[in-house]
Amino acid sequence: MEVMLTKTVTERLKTPPASMSGVVFGTVFSDHMFCMDWEDGKGWHNAEIKPYAPLILEPSSMVLHYAQMAFEGLKAYRTDSGEHVLFRPRENFKRMNRTAQRMCLPELDVEEVLSALKQLLRLDSGWVPHESGTSLYIRPTLVATEEAIGLKVSSKYLFFIILSPVGPYFSQGFNPVKIMVSDKYVRAVPGGVGFAKTGGNYAASNLAEKEAKELGYTQVLWLDAVERRYIEEVGAMNIFFVINDEIVTPQLTGSILPGITRMSVLELGKHWGLKVTERRISIDEVLNGLKDGSVTEVFGAGTAAVISPVGVLSYKEEEYQVGNGETGPFANRFYEHLTGIQYGKEADPFGWVESI
Ligand code: PLP
Ligand code: COI
């Protein structure tokens, strides 16, 4: 794939934030973006790195009406030796292709888009922040652009990648969050698009998240849509429980996002010789376990959220404290090792980290 390069004129270059403290996650963008078009009969074409700028889309563009789209989220990290690296980037583009299949979008060539991403990252390398716990968040996005409001599969698409320097996703940083279990709304149904990283899943969860925030909770924990009993995931992360020293997470049923951080936690846990299990977990099992002390930790895992300890769960207006409400030893160990690998502080026995 030939990538055309159009650099921003020097006068237009922006200055990356001197410090990420006080910068809200995902609100600042780098100087350049990658764009590429797809059309029926023509395939992918017009691959170009160009100045970050508004898109020109007709109001009739199909994505604006029927949300035919896919997106991804990954990060570039600055290691202690000053090198820039990606964490398991192929997994993100493979997942984007699985979303694409479900949403009838054209698939990407994983190696080609990874190479284009690296070119973009090399050009905007000054945007990878330096402070501890910060990174450059990468947002690949694929949208339907045919100008038509009849319901059908679009014949034209735009793929783009934008970059945003970020600090912690939650204002709490690596500190316990309060999570509300939703018994009123559901996120995804069997046979639906829960496993896909597509905008509609997030639009559909906004109301529950808004109501939870009004009550003082950070995010919502979703239950299965059929029995409203089995735990699925949190708004922007997968969920883990430590039950009698065993690491337990909901199995992938098609209605939860197969998180790359989730997969990495499972692989790390196995590598350490811990008992790691993917299975159905009911909310009753968790709440009873919190009461009798068999559930000692709850934590979320995601690219934006990293490892996020949960200090309180609320269900049907009752609050349940997790352990003593503090970050537990398992969440701590996963956080330290995962970020240790990402920031080059630790050996990477799995080959997860890839230089740019
Ligand atoms: N679940 C949801 C709904 C998410 O949005 C995310 C974040 O991408 C995750 C889980 C975690 O996935 P990953 O670890 O691949 O970022
Ligand atoms: C992630 O990339 O980790 C996300 O969850 C996407 C977004 C909700 C921040």
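Going along each chain's sequence as written, the residues are numbered from 1 onward. In the order they appear in the text, chains get letters beginning with A and ligands get numbers beginning with 1. Local features in a predicted model are, by the rule used here, given only for residues with pLDDT of at least 70; side-chain atom pairs are given and counted only at 80 or more, and totals for whole chains, interfaces and linings are based on all residues. Excluding hydrogens and water, the side-chain values take into account all heavy atoms of the structure.

1. A few points about the pairing of strand β6 (residues 84-87)
Condition: Remark: exposure states derive from per-residue accessible area (1.4 Å probe, protein chains only) relative to the maximum for the residue type, with buried under 20%, exposed over 50%, and partly exposed in between. In this text, helices come from DSSP runs of H or I with a minimum length of four residues, and strands from runs of E with a minimum of two, each type numbered from the N-terminal end. The rule for pairing is simple: two strands pair if DSSP sees at least two bridges between them.
Of the two faces of β6, both are covered, the one formed by His 84 and Leu 86 as well as the one formed by Val 85 and Phe 87. By the bridge criterion, three bridges tie strand β5 (residues 74-78) to β6 in an arrangement that is antiparallel. The residue bridging Arg 78 from the neighbouring strand is His 84, located in β6. Where β5 folds back onto β6 in an antiparallel hairpin, the turn is made up of five residues, including Gly 82, whose phi is positive at roughly 90°. Bridge count for β6 against strand β18 (residues 353-355) is three bridges, and the pairing is antiparallel. Its bridge partner lying in β18, Leu 86 is registered against Glu 354.

2. Section: the site of ligand 1
Applied cut-off: One heavy atom within 4 Å of a molecule or strand makes the whole residue count as near it. What qualifies as a polar contact is a pair of N or O atoms within 3.5 Å, subject to a donor-acceptor requirement within protein and to the restriction that residues adjacent in sequence count only when both atoms come from side chains. Each accessible area is a Shrake-Rupley result for a 1.4 Å probe, and residues are judged covered by the shown protein chains and nothing else. Buriedness for pockets is judged along seven lines, at least five of which must meet protein on both sides within 12 Å for an open set on the 1 Å grid over protein atoms alone, while cavities are sets there where a 1.4 Å probe fits but cannot get out, and lining residues have an atom within 4 Å of a point. A pocket or cavity is taken to hold a molecule when more than half of that molecule's atoms are within 2 Å of the pocket's grid points. Amino acid classes used here: Ala, Val, Leu, Ile, Met, Phe, Trp, Tyr, Cys and Pro are nonpolar; Asp, Glu, Lys and Arg are charged; the rest, including Gly, are polar.
Neighbouring residues of ligand 1: 17 residues in total, closest Lys 197, Tyr 202, Glu 233, Thr 261 and Thr 303. In this structure, Arg 95 approaches ligand 1 through a side-chain N or O atom, which is 2.7 Å from an oxygen atom. One of the backbone N or O atoms of Ile 260 is found 2.8 Å from an oxygen atom in ligand 1. When the free accessible area of ligand 1 is taken as 390 Å², the share hidden by the protein chains comes to 97%. With respect to the pocket detection grid, ligand 1 is positioned in the largest pocket. The set of elements that each furnish at least two residues to the shell around ligand 1 consists of β11 (231-234), α5 (260-271) and β15 (295-302). The class makeup of the residues in the shell around ligand 1 is seven nonpolar, six polar and four charged.

3. Things to note about the site of ligand 2
Applicable threshold: Each domain's extent was defined by an automatic or database domain assignment.
Around ligand 2, the neighbouring residues are Gly 73, Tyr 137, Arg 139, Tyr 169, Lys 197, Ala 236, Thr 303 and Ala 304. Residue Tyr 137 places a side-chain N or O atom 2.5 Å away from an oxygen atom belonging to ligand 2. Between ligand 2 and Ala 304, the relevant distance is 2.8 Å, taken from an oxygen atom to a main-chain nitrogen or oxygen of the residue. For ligand 2, the protein covers 87% of the area, taking 280 Å² as the surface of the free molecule. Given that more than half its atoms are within 2 Å of the pocket grid, ligand 2 belongs to the largest pocket. Taken together, the residues of the shell around ligand 2 sort by class into four nonpolar, two polar and two charged. Here the shell around ligand 2 gathers at least three residues from each of two domains, domain 1 (4-166) and domain 2 (177-343).

4. Details of the nonpolar core
A general feature of soluble globular proteins is that nonpolar side chains tend to end up buried together. Here is the rule: Throughout this description, the term nonpolar core refers to a set of buried Ala, Val, Leu, Ile, Met, Phe, Trp, Tyr and Cys residues connected via side-chain atoms within 4.5 Å. Residue contacts follow a heavy-atom distance rule, with two residues in contact if any of their heavy atoms lie within 4.5 Å.
Residues Phe 34, Leu 86, Phe 93, Leu 117, Leu 121, Ile 138 and Phe 159 are the most contacted members of the largest nonpolar core, which totals 45 residues. Contributing elements (two or more residues each) for this core: β2 (32-39), β3 (43-51), β4 (69-71), β5, α2 (89-102), α3 (110-123), β7 (135-144) and β8 (156-166). Those residues in contact with Ile 138 that sit more than four places away from it in its chain are Glu 72, Gly 73, Leu 74, Lys 75, Ala 76, Leu 86, Leu 117, Leu 121, Ile 161, Ile 162 and Leu 163. Counting residues in each nonpolar core, the second largest holds 26 residues, with Leu 221, Ile 239, Ile 281 and Val 310 among its members.

5. Remarks on the layout of surface pockets
Gaps left between atoms are located by rolling a probe of water-molecule size over the structure's atoms. Our working definition: Grid points are joined across faces, edges and corners, and a volume is the space filled by probe spheres set on the points.
Estimated volume of the largest pocket: approximately 870 Å³. Lining the largest pocket are 41 residues, with Phe 25, Tyr 137, Tyr 169, Ala 236 and Ala 304 positioned closest to its centre. Of all the secondary-structure elements, those providing two or more residues to the lining of the largest pocket are β7, β8, α4 (199-214), β11, α5 and β15. With five residues, α4 is the largest single contributor of residues to the lining of the largest pocket. When the residues that make up the lining of the largest pocket are grouped by side-chain class, the tally is 19 nonpolar, 15 polar and seven charged. Size it by volume and the second largest pocket reaches roughly 480 Å³.

6. Remarks on the packing of α5 against helix α7 (residues 329-342)
Convention followed: A fitted line through C-alpha atoms serves as each axis, taken over the contacting stretch for helices, and the angle formed by two N-to-C directions is quoted from 0 to 180°. The scheme is simple: roughly parallel for angles under 35 degrees, roughly antiparallel for over 145, roughly perpendicular for 65 to 115, oblique for anything else.
Contact geometry for α5 and α7: axes closest at 11 Å, N-to-C directions at 105°. Between α5 and α7, the angle falls in the class roughly perpendicular. Two secondary-structure elements touch here, α5 through Thr 261, Ser 264, Val 265, Leu 268 and Gly 269 and α7 through Phe 334, His 337 and Leu 338. Per-class residue counts for the contact of α5 with α7 are four nonpolar, four polar and no charged.

7. Digging into the domain arrangement of the chain
As a reminder of what qualifies: Take the accessible area each of two parts loses on contact, using a 1.4 Å probe, and add the two losses: that sum is the buried area. When a carboxyl oxygen of Asp or Glu lies within 4 Å of a side-chain nitrogen of Lys or Arg, that pair is called a salt bridge.
Structurally, the chain comprises domain 1 (4-166) and domain 2 (177-343). One C-alpha centre belongs to domain 1, the other to domain 2; they are set 27 Å apart. Taken together, the 27 residues of domain 1 in the interface contact 22 residues of domain 2. For the domain 1 and domain 2 pair, buried surface summed over both sides reaches about 2100 Å², with 60% attributable to carbon and sulfur atoms. For the pair domain 1 and domain 2, the number of links is one salt bridge. Of the charged contacts, one joins Glu 267 and Arg 88 as a salt bridge, the two residues approaching to 3.3 Å between their closest N and O atoms. Across the domain 1-domain 2 interface, the total number found is 12 residue pairs in polar contact (both at pLDDT 80 or more). In terms of residue count, the dominant contributor to the side of domain 1 that touches domain 2 is α2 (six residues).

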